[in-house]
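Here are the chains, one letter per residue:
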Amino acid sequence: MSAASIASFSGRSVLVTGGAGFVGSHVADRLLSQGAEVSILDNFSTGWHQFVPAGARLVEGDLLDPGAVRRALEGCEFVFHLAANADVKDNLLQPRKCIEQNVVGTQNLLEGMRAAGVRGVAFASTGAVYGEATVVPTPEHAPFPVQTSIYGTSKLAAEGLLTSYALGYGFRVWIFRFVSLLGPRYTHGHVIDFWRRLRRDPTRLDVLGNGRQKKSYLHVGDCVSGMLVAIGGSGEPINVFNLGHHEWVEVDESIAVITATLGVKPRIVYAGGERGWVGDSPRVLLDAARLRALGWAPTRSIPESIVETLAFLEASPFVNDRQIPPEGLPR
Ligand SMILES: NC(=O)c1ccc[n+]([C@@H]2O[C@H](COP(=O)([O-])OP(=O)(O)OC[C@H]3O[C@@H](n4cnc5c(N)ncnc54)[C@H](O)[C@@H]3O)[C@@H](O)[C@H]2O)c1
């Protein structure tokens, strides 16, 4: 990583949307540690006051409110846009909310930026845009066969808005397609789902799918480093990067790490089927060669990241107070 040119925001004023959430709060932390002035726009729908870093200017408001976006953008030169309805499964149950938060909210932000003369934005997209990829590991230029989730659809639509604003209004955009992220402040995804279930009943673990889904994960710290390396090493009007680990693990391997770490031996009960829910791609491995060529590499293995995530969850029982995974998902 030493050869990489990492973007420095020292002395610059940056807005982080979703800065009270899992990933956004880490972005805000890193920018503050570089000496940036950081503003956060968050409506706390899934964010936490505990995650907002000291030293950031907080605008508590909604992306759908142009006034809040305007206030948040005051004095800013660059935006990290992470606010979204980020849970793939929840979005299946709430399609309108998903499109409003992830697509309409993104356009509100871009319009606010246009009015304020802010032209640089990094956007948190997802590997879900590839649907069930036909090429694995999946490079950025892989074909997008069919969208398999409302969430992926919303992110792809938002990507379209960003690229249109780049070409139409002179924006410079960085689009990051993340795999699932792990690490401190993690509040949604399979590790917390399993952790919650095992806290309720350590003798039994219900698993969506057949346990054989195989996916890549990445530590949130490596993700933030990846974004900064990409921004430091590229500067086209449109820059698209996959951000994922070269490792991938089966759900069963993940369960083995989780149960060993928690010291439990549950009976595993599989719901069956290749997918856990509609939109759950059985194989996710992104080709991050474009970013690696700039000198970035992950610093933690996936099992290490799972263990660190569990340590956070064990130390932070407040995250169990809400976001109970919905039951009765279409499968
Ligand atoms: N965590 C992952 O594994 C992962 C993977 C791929 C992509 N992403 C993307 O990364 C971004 C961050 O995800 P996360 O895991 O930190 O999710 P998160 O739910 O922890 O954070 C999202 C934040 O956005 C805020 N927010 C949501 N809607 C808002 C709105 N309309 N106005 C203002 N604030 C709003 C929430 O309160 C929350 O603080 C999202 O865009 C997500 O889609 C995350």
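About the cut-offs
- Residue numbers run consecutively from 1 along every chain, following the written order of its sequence.
- In keeping with the predicted nature of the model, local features appear solely for residues at pLDDT of at least 70, side-chain atom pairs appear and are counted solely at 80 or more, and the whole-chain, interface and lining totals rest on all residues.
- A run of DSSP states H or I qualifies as a helix once it reaches four residues; a run of E qualifies as a strand once it reaches two. Both are numbered from the N-terminal end.
- The globule rule is 2.2 Å times the number of residues to the power 0.38, and the radius of gyration it is compared with is taken over C-alpha atoms.
- For every residue, the other C-beta atoms within 10 Å of its own C-beta are counted; 20 or more classify it as buried, 12 or fewer as exposed, and values in between as partly exposed. C-beta atoms are placed from the backbone.
- Placing C-beta atoms from the backbone, we regard two residues as in contact once those atoms come within 7 Å.
- What counts as a domain boundary in this text is fixed by an automatic or database domain assignment.
- We call a residue near a molecule or strand when its C-beta atom, built from the backbone, sits within 6 Å of it.
- All amino acids are sorted into three groups, where Ala, Val, Leu, Ile, Met, Phe, Trp, Tyr, Cys and Pro are nonpolar, Asp, Glu, Lys and Arg are charged, and the leftover types, Gly among them, are polar.
- The span you would expect from a helix comes to 1.5 Å times its residue count less one.
- Directions are taken from the helix axis to each C-beta atom, and the arc is the one they span.
- Axes here refer to lines fitted to C-alpha atoms; in helices the fit is confined to the stretch in contact. Angles between the N-to-C directions go from 0 to 180 degrees.
- We call two directions roughly parallel when the angle between them is under 35 degrees, roughly antiparallel when it is over 145, roughly perpendicular when it lies between 65 and 115, and oblique otherwise.
- The handedness criterion is simple: a crossing whose near helix is rotated anticlockwise from the far helix by less than a right angle is left-handed, and one whose near helix is rotated clockwise is right-handed.
- Any nonpolar core is a set of buried residues, restricted to Ala, Val, Leu, Ile, Met, Phe, Trp, Tyr and Cys, that join up through C-beta atoms within 7 Å.
- Whether two strands pair comes down to DSSP finding at least two bridges between them.

Participant: Can you help me understand the overall build of the chain in this one?
Facilitator: When helices and strands are tallied, the chain shows ten helices and 14 strands. Here the C-alpha atoms of the chain give a radius of gyration of 19 Å, agreeing with the 20 Å that 2.2 N^0.38 yields for 331 residues. By its C-alpha atoms, the chain is 55 × 45 × 40 Å across when sized along the principal axes. Here the chain holds 331 residues, and 47% of them are scored as buried. Pairs at least 24 apart in sequence give 81% of the contacts found in the chain among residues at least 6 apart.

Participant: Mind showing me how you'd approach the domain arrangement of the chain here?
Facilitator: In many analyses, interface size is given as the accessible surface area lost on bringing the parts together. Taken domain by domain, the chain holds domain 1 (13–182 + 217–243) and domain 2 (190–215 + 247–279 + 299–320). In this structure, domain 1 and domain 2 have C-alpha centres spaced 26 Å apart. Secondary-structure elements contributing two or more residues to the side of domain 1 that touches domain 2 are α3 (88–93), α5 (150–169), β7 (180–182) and β10 (217–219). No other element matches α3, which puts three residues into the side of domain 1 that touches domain 2.

Participant: Teacher, can you tell me more about the site of the ligand here?
Facilitator: For the ligand, the set of nearby residues contains 30 residues, the closest of which are Gly-18, Gly-21, Gly-47, Ala-84 and Ala-124. Ranked by residue count, the leading element in the shell around the ligand is helix α1 (residues 22–34), at three residues. Grouping the constituent residues of the shell around the ligand by class yields 14 nonpolar, 14 polar and two charged.

Participant: Help me out: how do you make sense of helix α10 (residues 302–315) in this one?
Facilitator: At 3.6 residues per turn, the α-helix brings residues three or four places apart onto the same side. Helix length check: α10 (14 residues) gives 20 Å between terminal C-alpha atoms against 20 Å at 1.5 Å per residue, within 8%. All buried positions along α10 are accounted for by Ile-302, Ser-305, Ile-306, Thr-309, Leu-310 and Leu-313. Seen from one end, α10 has its buried residues packed into an arc of 140°, which puts them on one side. Those residues of α10 that are exposed and angled more than 90 degrees off the buried face are Glu-314 and Ala-315. Contacts made by the buried residues of α10 are with β7, α6 (190–200), β10, β12 (249–250) and α8 (251–262).

Participant: How do you make sense of the packing of α1 against helix α7 (residues 220–233) when you look at a structure like this?
Facilitator: The packing of two helices is summarised by the inter-axis angle and the distance between the axes. For the pair α1 and α7, the least separation of the axes is 10 Å and the interaxial angle reads 60°. Judged by the inter-axis angle, α1 sits oblique to α7. Here α1 and α7 pass one another in a crossing that is right-handed. Side by side, α1 and α7 meet where Phe-22, Val-23, His-26, Val-27 and Arg-30 of the first sit next to Val-220, Gly-221, Cys-223 and Val-224 of the second.

Participant: Would you explain the nonpolar core in this entry?
Facilitator: Here is a general trend for soluble globular proteins: nonpolar side chains tend to be buried in one another's company. With 88 residues, the main nonpolar core has Val-14, Val-16, Ile-40, Val-79, Phe-123, Phe-176 and Cys-223 as its most contacted residues. Among the elements that line this core, the one with the most residues is α7, at eight residues. Viewed by domain, this core spans two of them, domain 1 (13–182 + 217–243) and domain 2 (190–215 + 247–279 + 299–320), each represented by three or more residues. Ala-128, Val-129, Tyr-130 and Tyr-151 belong to the second largest nonpolar core, which has nine residues in total.

Participant: What is the right way to read α6 from this model?
Facilitator: Buried within α6 we find His-190, Val-191, Phe-194 and Trp-195. Projected onto a plane normal to the axis of α6, the buried residues spread over an arc of 130° and lie on a single side. Looking at the packing, one finds that the buried side of α6 touches β7, β8 (204–207), α8 and α10.

Participant: Teacher, can you tell me more about the sheet that holds strand β3 (residues 57–60) here?
Facilitator: Strands pair in a sheet through their backbones, by hydrogen bonds, and they do so in one of two ways: parallel or antiparallel. The seven strands lie next to each other as β3-β2-β1-β4-β5-β6-β11, forming an open sheet whose pairing is parallel. Each end of this open sheet is capped by a strand with a single partner; those strands are β3 and β11 (238–243). Each adjacent strand pair in this sheet contributes to an overall mean axis angle of 15°, direction not counted. Here six bridges tie strand β6 (residues 172–178) to β11, and the two strands are oriented parallel to one another. When the sheet's bridge partners are listed, Ile-175 is paired in β11 with Val-240. Packed onto the sheet, α1 meets β1 (13–17), β2 (37–42), β4 (78–81) and β5 (120–126) and runs at close to 165° relative to β1.

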